[in-house]
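Coordinates in review
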Amino acid sequence: MKKWLSIPLLVLVFISLLPSTASARLPYITAYYDSNQSTWFRIQPIYSPAETLTVELGDPVDITVAPNDEVYVVDKELEQVIVLNNDGKVQRTIGASEGTGKLAAPEGVFVTADGDVYVADSGNQRIAVFTSDGTYQREYKKPDTPLLGSDHFVPVKLVVDRRGVMYIQLNSSYQGLVRLSPDGEFMGHFGANKADQSMINRLKQLVLNKEQLAQEKPALPKPITNVAMDADGFIYTATAGGEGKGAIRKLNAGGVDGFKNKVMYNGHGIVDVAIGQEGFLYNVDLDSMRINLYDHTGDVLFAFGFIDKETQQYGVIGYPTGIAVDSKNAVWISDSGTNMVHKYVRTEFGKDVLQALALYAGGKYEDSKPYWESVYARNDMYNGSFQGLGKVYLHENDHADALKFMKVAFDTDGYSKAFWQIRLEWLQEHFVMLVLGIISGFLVLHFGVRGLRALRRKYPTPSSWKQPLQDIRNFGYVMIHPYEGFYRIKEARIAPWITIALLLSVIAVKIARIYWTGFLFNPVELRNVNALRDLAFFIVPWVTWIIANYLVCSIKDGEGKFREVVQGSVYALSPYLFISIPVLILSNVASLDEAVLVHALNTLATLWMLAMFFVMTQVIHNFDFLETFKNSAISVFAIVTIWVFGFIILGLSYNLYDFFYELYKEVNFYH
Amino acid sequence: MLVLFFLRPWELTTEASFAKTGMTMPKVSANELYEGEAWKPSVGADGYALVSENDSYSLYVRPDTTEIAVLDKTSGYRWTSNPGDAELKHENVKGQLLDQLKSPFVMTHVRTKGKDQTVRESLSNAVKDMTTSLIRQGDGLQISYFFPSKGLGFTMQYELTKTGLKVRVPSKGIKEEGEYALFTLDILPYFGAASSQDDGYLFVPDGPGGLIRYDTAHAKLSRGYIHQVYGNEMTNSGNWTRSGQRRETIAYPVFGLKKNDHAFVAIMTEGEDSANVTALSPGMKSSFFNVFSSQIYREEYLYRMSRLAAPSKAVQQEKLDRDREIEYRFLNDQNANYSGMAATYREYLQEKGSLGKKLDPVAHVPLYLKIMGGNYEQAFGQIRYVAATTFAQAEDIVRRLQERGVTSLQTIYYGWTNQGDYNMEKRFPIEEALGGEAGAQSFTSQMKERGVRVSFYEDFLWIDSKSSFSPKQDAIRGIDGTAFVDGDWYVAKPMYTAVSAANTISKLKEIGVEGIHYSAIGELLLNDYESSGIRTRDYTKQIYTELLDYTRKELGTASVFRGNAYVLGASDYIDGLPSASSYDFMVDETVPFYPIVLHGFVPYTFEEGNLRDDEEVEFLKAIEYGALPSFFVTHDDSRKLKNTGASFLYSSSFDKWEERMLKEYGNFDALSSLYSQKIILHERLADQRYATMYEDGTRVIVDYSAKSFKVEKGAGTNE
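Just so we're clear, the structure is a prediction, and the values are computed from it rather than from any experiment.

1. Examining a nonpolar patch on the surface
A surface patch of nonpolar side chains, about 800 Å² in accessible area, is lined by F431, V432, M433, V435, L436, I439, L443 and F447 of chain A. The exposure class assigned to V432 of chain A is exposed, which follows from its relative accessible area of 57%.

Now the structure itself:
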């Protein structure tokens, strides 16, 4: 069935292996981001390229949509602003006629709610203001302030707030946006990016002296690439080059970033950001070569479109320069690669899924239900609809369905809520039975133990059993009385089968924990769990500990024999075994509200184990406290050393293997 | 012993197994050059000399430039290979481009010695030292060109036919005697070229068919429509683009041009698979609209000396030794449009016997029901088959559909092979999770009782590296001479494909399967760059058609996914036919050219009803273009398949789709009287409104803005 795999002839960054469907294919793949599995999955298109637009432009460098849905495109080469109607037909141009309003290599445009057109007239080093019909109004030159220094005033992008205050990005300025009052007065800088504090820089600050530091290049903040504003007056800045960190920032009037400088997926090569009326963010990104759609918190949802400088197809952008969204949620992109404007419109599926997501984000779960159902009808595989419908069911008090859907979506919060309700109902129904059950359980245990003891008195176990039984019982005893316990182990010669049996039961418990820990505390797809790997992560450190401990301590005059170290190390695992059992039970009956119990028990087990290993070292090798501490530390160091060597050897031998394998393939397959 | 193990004398070679199946070996045929006295034409006042004529056409040649002209006697319209002086008055290109505009060919070549062996240079009839020799034979004219300074030469043959003009470049006429090698040859690049003042369009084979209108400007955006028939050579990484060529590959070797009341349709009849269809608009190379075929003889490719080194460019050594032939057929007045072009192409296919018989009328249209059995996933650290529809469940689905009124059904069962797509070569025993061989047997016999034909889907081209398969022996070799591998996947040599398909067929026959639904062979065509000599796409084509014929003979039916023109005569059904264009900057309008050719002869479906991007629009498109209904279903929720190779089934649970299927089937079935009819005219009535007319005069009018369609019954009767 390679049919669906026959397309990925190129490195489609994140979807190279995903199949492509049959006919009616768009020139690009649409994908959604599954945050639970941290991967992209294919989905049917949410946006498709609109009917062909054939506007002849010189060099479109910025685009914006006016409140009346007219599209304003800045053409740097033709030196004008071109106004298109919503079908992409040219209506009029602004700033082309000779006179005071003539533009020179403009680079940015903004249209206010009243329809005033502000143009970043870069060549004339000013902001030029026009009415919507193109009549020149006024200009703003460089404000008279020492804070802007002697640099040229080259505005490239701008937004204007309700009061008429302009926020202007100057050409490659790292100081943030320049704020100008409606009178043209300088009101300070706004929203500068944070300077990048890399590890190297911090290290340098630690190590270098003052003179050396002065010679270092200062870590300057990245210049803002583009700026946009939403209906509520929040200002969004786009910043490229930070691996997505702070790629989109949502600034309030005080310049505080609502996204807290968070890392945006597919934001490293961000060109521009736009905000739709439903609160979705749209970015066009040169790095992922995609148009990306984010929810109002900045989490990426979808990626569509494609960037290819060789493009010959609508929907594939040559070199994007700006993005805008109109009131019908169509996405507009200015493309200086092909010198045209791209328009993408929502598909029927896109309308449903984004409507559902918007209502969901607004907390209108009931209203979102029909949309989710429609999405679910056409796509079983999109996790969003499971989460959405799960939430709907939760609100409808349909806890059983909510539980099912939340589990599919790996939404532990939602699952926990549904689970809490179901547990409550179950308890209400079965309370009496439960209490009776517990009581009878206790009685059985109590009398059972008594009975057993009586039986043993009557039929005493053969004396050959005595020692082994003692050894097994010691596994529990050592937990409470580690010193005493380890002395007993040291003195006793424990049969190897007992040690092995104990070790196996610990491993059994480990496996049980991998597969039977409650969903809330282990929200993974069980079939994707690699049990062997998990076990290896458990066993390999333990084995290296034994080796390291034995080696180190025999050098350091420890008394312990190898057998004793192995025995001791097995017995030291006892807290893990005994505490895991209640953890397993609890994790299956607790909701997230009681999660602290489980976590506390887990922490307890870990600490207890560490203490056990410590005591074991002390007792087996007959060290004093300080010696034990020292030697344990050395053991840990030895463990790390063993691992490092192991990795190096593994790596080298893999390279060698790879070399021979490639050679074999080359000779055998290709020639 | 060891030698025995390696040579395995007890195993038949692929060639021997192929011979055993009874399929015939591909043949290589080549046209002869004309021989005889040089022809001394007597030139008329306009510089042209009459070559030959028949009832409908006369052929003229200008001996000084070798330009040609064809007079259409019925309309009096004269087609010329190049624009005349009057038309060139306003031309603003100069130099080489102007020379090419006046030449009946453009030959591109490369050096074979010294530096810069990938630099391309062009020759036209304006080259000073060019010599030509003309020979007339029967109705035909042969012109041999030679360029002494380059040591290059080739021959063109023109022949008049009852319907138009044949142009041929025989491989025997190609001379490469110097340090230069032929790269590409544009044949009649400006034949019938139109200007933007003319009314009409260029027709290009993009998706179902694409028009390039004279009233639209394309130059700023586009570099022209230049694409290889049946897709480019995938094994050449130099052909890969960043966007991965997500576009419709050319499925039929046809292009056309409409100029006012006259039109031609050009059918590439030989060597079409190694040619580009090139359509240009004013501002690209001239101020004309022109469309032609550019014949590929060599390709530039990227090769790597080692895994670490950066790839370098090279030009392939051995040329693609194939005759090239194009047939121009001329149309006038009400036939001078894309419907007429399609009808002409259909007639051509019928003449050649490569379209098959006309379909018989049916009382009800068939519903093509694809059923996904399942596929494998990696889970719990191992390979696990995920069953989505067992044979018993599939039976149940068919039963339910029949009970609810779907009387005509064809089923295609997917994913039946052992462990699904894991280890492609291990197909048997049939996957146990679906019911195994016994389950399959009872399924097919049940279906036979119900009158439902069962085909099994399988891919015999792509082979994963888990298979016991020798890439060195049996994988297609790429343009760099090494076995082509994409990730972990090889493409089997055509003969290997045929043999493994034949083996599979013999087993499926016992089980009662009545057809194979082939993936890939109807859409993927490659040269095999064997070190002993290139096996061309023509060789591959012949084996694939042989295989389809064999399948029909053994099982009853053969069908394909997509459907390049070479499978038309041997396929009972084409699945996943493209219904939309590639969104190319050049193409202004999408038209149902290919559906017009096929309708009434080969049934076809578009994207399955449950997997459409836009349900309503694509449904209407299927109605407009005369497609049949198809659905791709599973018994279980398709979510099960999320981690398998079948994850493209976004939603396929039969329970979810049952009602929609019945409704849609009803809509299609209302058109059952059209099933066996030809489409005779397709036209745009208004924006968003289209009409498709059938033989008996029935018109189907689709309105995309109202999201509805209506049928106007025709007066005529079905023939």
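2. Observations concerning the environment of K194 of chain A
Residue and element names in this part refer to chain A. Here K194 lies in the loop between β15 (186–190) and α1 (199–207). When the C-alpha atoms of K194 and Y33 are compared, they prove to be 28 Å apart, with 161 residues separating the residues in sequence. Residue contacts for K194: discarding those within four places in its chain leaves P221 and N261.

3. Things to note about the interface of chain B and chain A
The interface is formed by 76 residues belonging to chain B together with 70 residues belonging to chain A. Between the two partners, chain B and chain A, sit three salt bridges. In this structure, the salt-bridge partner of K656 of chain B is D380 of chain A, at a minimum N-O distance of 2.3 Å. Where chain B touches chain A, the interface holds 20 residue pairs in polar contact (both at pLDDT 80 or more). When residues of the side of chain B that touches chain A are traced back to their parent elements, those giving at least two are β24 (374–379), α8 (471–474), β29 (485–486), β30 (489–491), α12 (615–624) and α13 (654–669) of chain B. Looking at the side of chain B that touches chain A element by element, the count peaks at four residues for β24 of chain B. Looking at side-chain class alone, the side of chain B that touches chain A contains 29 nonpolar, 20 polar and 27 charged residues.

4. Comments concerning the domain arrangement of chain A
Residues and elements named next belong to chain A. On domain assignment, one finds that chain A holds domain 1 (361–460) and domain 2 (462–657). Taking only C-alpha atoms into account, the centre of domain 1 sits 33 Å from that of domain 2. Carbon and sulfur atoms make up 64% of the surface buried where domain 1 meets domain 2, a total of about 1000 Å² over both sides. Where domain 1 touches domain 2, the interface holds one salt bridge. Between E594 and R423 there is a salt bridge; the shortest N-O distance is 2.8 Å. Elements supplying a minimum of two residues to the side of domain 1 that touches domain 2: α6 (399–409) and α7 (412–458).

5. Section: the confidence of the model for chain B
Residue and element names in this part refer to chain B. Mean pLDDT over chain B stands at 91; residues scoring 70 or higher make up 97%. Across chain B, helix α11 (residues 593–598) holds the top mean pLDDT of 97, while helix α1 (residues 2–7) sits lowest at 55. The ipTM for the predicted assembly is 0.90, set against a pTM of 0.88.

6. Overview of the packing of helix α8 (residues 463–480) of chain A against helix α9 (residues 482–491) of chain A
All names here are of chain A. The N-to-C vectors of α8 and α9 enclose an angle of 150°; their axes lie 7 Å apart at closest approach. Considering the angle they form, α8 stands roughly antiparallel to α9. Relative to α9, the crossing made by α8 is left-handed. From α8, Q470, N474, Y477, V478, M479 and I480 reach across to α9, where they touch P482, E484, G485, F486, R488 and I489.

7. A word on the UniProt feature "domain: Yip1" (unreviewed entry) in chain A
According to UniProt, the positions carrying the feature "domain: Yip1" (unreviewed entry) are residues 478–645 of chain A. The distance separating the terminal C-alpha atoms of residues 478–645 of chain A is 35 Å; by composition the span is 79% helix and 0% strand.

8. Things to note about the sheet that holds strand β10 (residues 126–130) of chain A
Residue and element names in this part refer to chain A. If you walk across this open sheet you meet the four strands as β8-β9-β10-β11, and the pairing is antiparallel. Each edge of the open sheet is held by one strand with a lone partner, namely β8 (108–111) and β11 (136–140). On average, each strand axis in the sheet is tilted by 20° relative to the strand beside it, whichever way the strands run. Examined bridge by bridge, β10 and β11 share four bridges and lie antiparallel to one another. In the strand pairing of β11, V129 is matched with R138.

9. Regarding unusual backbone geometry
Omega for the peptide link from F428 of chain B to P429 of chain B comes to -5°, which places this bond in the cis form. You will see that E243 of chain A, though not glycine, has its phi angle at about 55°, which is positive. Looking at the secondary structure, you find E243 of chain A in the loop between β17 (235–238) and β18 (248–251). One non-glycine residue with positive phi stands out, namely N339 of chain A, at about 55°. Mapped onto the fold, N339 of chain A is located in the loop between β26 (331–335) and β27 (340–346). Look at N339 of chain A and you get partly exposed, because its relative accessible area is 21%.

10. Thoughts on a positive patch on the surface
Residue and element names in this part refer to chain A. A surface patch of positive charge is lined by R453, R456, R457 and R473. With three residues, α7 is the single largest residue contributor to the positive patch. In this fold, R456 is placed in helix α7. Assessed through its relative accessible area of 43%, R456 is described here as partly exposed.

11. Quick look at the packing of aromatic side chains
In this structure the tally under the stated criterion is 76 aromatic pairs over all chains. Ring plane angle 35° and centroid distance 5.3 Å describe the contact between F386 of chain A and F405 of chain A, whose orientation is recorded as tilted. Here F386 of chain A, found in helix α5 (residues 383–395), pairs with F405 of chain A, found in helix α6; they are 19 residues apart in sequence, far enough to count as distant. F405 of chain A shares its class with F386 of chain A; the two are buried. Measuring from centroid to centroid gives 5.8 Å for Y413 of chain B and F443 of chain B, while their planes differ by 55°, and the two rings are tilted. You can see Y413 of chain B sitting in strand β26 (residues 409–414) and its partner F443 of chain B sitting in helix α7 (residues 436–450), a full 30 residues away along the chain. Residue class for Y413 of chain B comes out buried when judged on its relative accessible area of 1%.

12. Overview of the side chain of D121 of chain A
Residues and elements named next belong to chain A. Take D121: it is sitting in strand β9 (residues 117–121). Residue D121 is classed as buried on the basis of its relative accessible area, which comes to 0%. Among the polar contacts made by the side chain of D121, one reaches the main-chain amide nitrogen of A104 at a distance of 2.8 Å.

Definitions and cut-offs
- Residues numbered from 1 in each chain as written.
- Chains lettered and ligands numbered in written order.
- Predicted model: local features only at pLDDT ≥ 70, side-chain atom pairs only at ≥ 80, totals over all residues.
- Heavy atoms only, no water.
- Patch = residues over 30% accessible without salt bridge, like charges linked within 9 Å, V, L, I, M, F, W, Y side chains within 5 Å.
- Areas by Shrake-Rupley, 256 points an atom, 1.4 Å probe, with all protein chains shown as cover.
- Salt bridge = Lys/Arg side-chain N within 4 Å of Asp/Glu carboxyl O.
- Buried < 20%, exposed > 50% of the residue type's maximum accessible area, 1.4 Å probe, protein only.
- Helix = DSSP H or I, 4+ residues; strand = E, 2+ residues; numbered from the N terminus.
- Contact = heavy atoms within 4.5 Å.
- Polar contact = N/O pair within 3.5 Å; in protein donor to acceptor, adjacent residues only side chain to side chain.
- Nonpolar A, V, L, I, M, F, W, Y, C, P; charged D, E, K, R; others polar.
- Domains from an automatic or database assignment.
- Buried area = accessible area lost by both parts, 1.4 Å probe.
- pLDDT = per-residue confidence, 0-100.
- Axes fitted to C-alpha atoms, helices over the stretch in contact; angles between N-to-C directions.
- Parallel < 35°, antiparallel > 145°, perpendicular 65-115°, else oblique.
- Left-handed = near helix turned anticlockwise from the far one by under 90°.
- UniProt positions renumbered as here; feature names shortened; annotations may be inferred.
- Pairing = 2+ DSSP bridges.
- Lys, Arg positive; Asp, Glu negative; His and termini not counted.
- Charge placed at Lys NZ, Arg CZ, Asp CG, Glu CD.
- Phe/Tyr/Trp six-rings, centres within 6.5 Å; stacked < 30°, edge-to-face > 60°.

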